[in-house]
Amino acid sequence: MQADILEFLTPKIDTFYIRADSTIRQVLEKFDFHKFSVVSMIDGEGKYVSSVSEGDILRYVKNHAGFDISVAENTLIAQIERYRPYKAVDLRTSMDEVFKIILDQNFVPVVDDRGVYSGIIKRKTVLEYLYKTVL
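Below, the structure is looked at part by part. Note that the structure is a prediction, hence the values are computed from the model and not measured. (Residues numbered from 1 in each chain as written. Predicted model: local features only at pLDDT ≥ 70, side-chain atom pairs only at ≥ 80, totals over all residues. Heavy atoms only, no water.)

**Some thoughts on the packing of helix α4 (residues 95-102) against helix α5 (residues 123-134)**
At a minimum axis distance of 10 Å, the contact between α4 and α5 shows a crossing angle of 120 degrees. As far as their axial angle goes, α5 and α4 are oblique. Remark: the crossing between α4 and α5 carries left-handed chirality. Along its contact with α4, which presents M95, F99 and I102, the element α5 presents R123, V126 and L130. (Axes fitted to C-alpha atoms, helices over the stretch in contact; angles between N-to-C directions. Helix = DSSP H or I, 4+ residues; strand = E, 2+ residues; numbered from the N terminus. Parallel < 35°, antiparallel > 145°, perpendicular 65-115°, else oblique. Left-handed = near helix turned anticlockwise from the far one by under 90°. Contact = heavy atoms within 4.5 Å.)

What follows is the structure, encoded as structure tokens:
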């Protein structure tokens with residue numbers, strides 16, 4: 001694939017992401033509002049940390065007896081274990097590599113040279129490109 005990664009990038013400003021110092025409750029409220037099931041997490045400097053899924057939160061709730069709303073309000077999302085880490089790429093990554101990663105992920109987080117979150121590449125965007133150019 002000869003395309004440039006920037007052609008596929010949904011910039012940070014147009015994405016839903018959370019900060020690592022958000023509480024479980026805050027993240028659940030955002031999931032509910034935005035209707036997404038996986039979200040990128042950044043630290044206080046804007047660097048990509050990981051991605052968190054609704055499943056990660058459900059596993060945390062299941063494994064912590066006595067979980068209630070006060071736990072959700074006082075537990076930082078960065079403290080929960082992520083079941084399936086999402087691989088991020090930098091802006092120099094080839095689209096061939098992005099294509100391989102997106103087979104297993106709904107989106108690919110993109111970072112700059114400093115590791116700062118720049119946005120995402122959605123599986124849908126890649127599939128639309130392939131449909132237009134291949135078929």
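**Observations regarding the layout of surface pockets**
When its volume is computed, the largest pocket comes out at roughly 250 Å³. If you go around the largest pocket, you meet 13 residues; those closest to its centre are F36, V38, F107, I120 and K122. Those elements giving two or more residues to the lining of the largest pocket turn out to be β3 (38-42) and β7 (117-122). Classifying every residue of the lining of the largest pocket gives 7 nonpolar, 4 polar and 2 charged. (1 Å grid on protein atoms, 1.4 Å probe; cavity = no way out; pocket = protein on both sides within 12 Å on 5 of 7 lines; lining within 4 Å. Points joined across faces, edges and corners; volume = space filled by probe spheres on them. Nonpolar A, V, L, I, M, F, W, Y, C, P; charged D, E, K, R; others polar.)

**Thoughts on α4**
For α4, the set of buried residues is M95, V98, I101 and I102. Down the axis of α4, the buried set is contained in an arc of 115 degrees. They therefore lie on one face. Tucked inside the fold, the buried residues of α4 contact β5 (89-90), β6 (107-111), β7 and α5. (Buried < 20%, exposed > 50% of the residue type's maximum accessible area, 1.4 Å probe, protein only. Arc of directions from axis to C-beta.)

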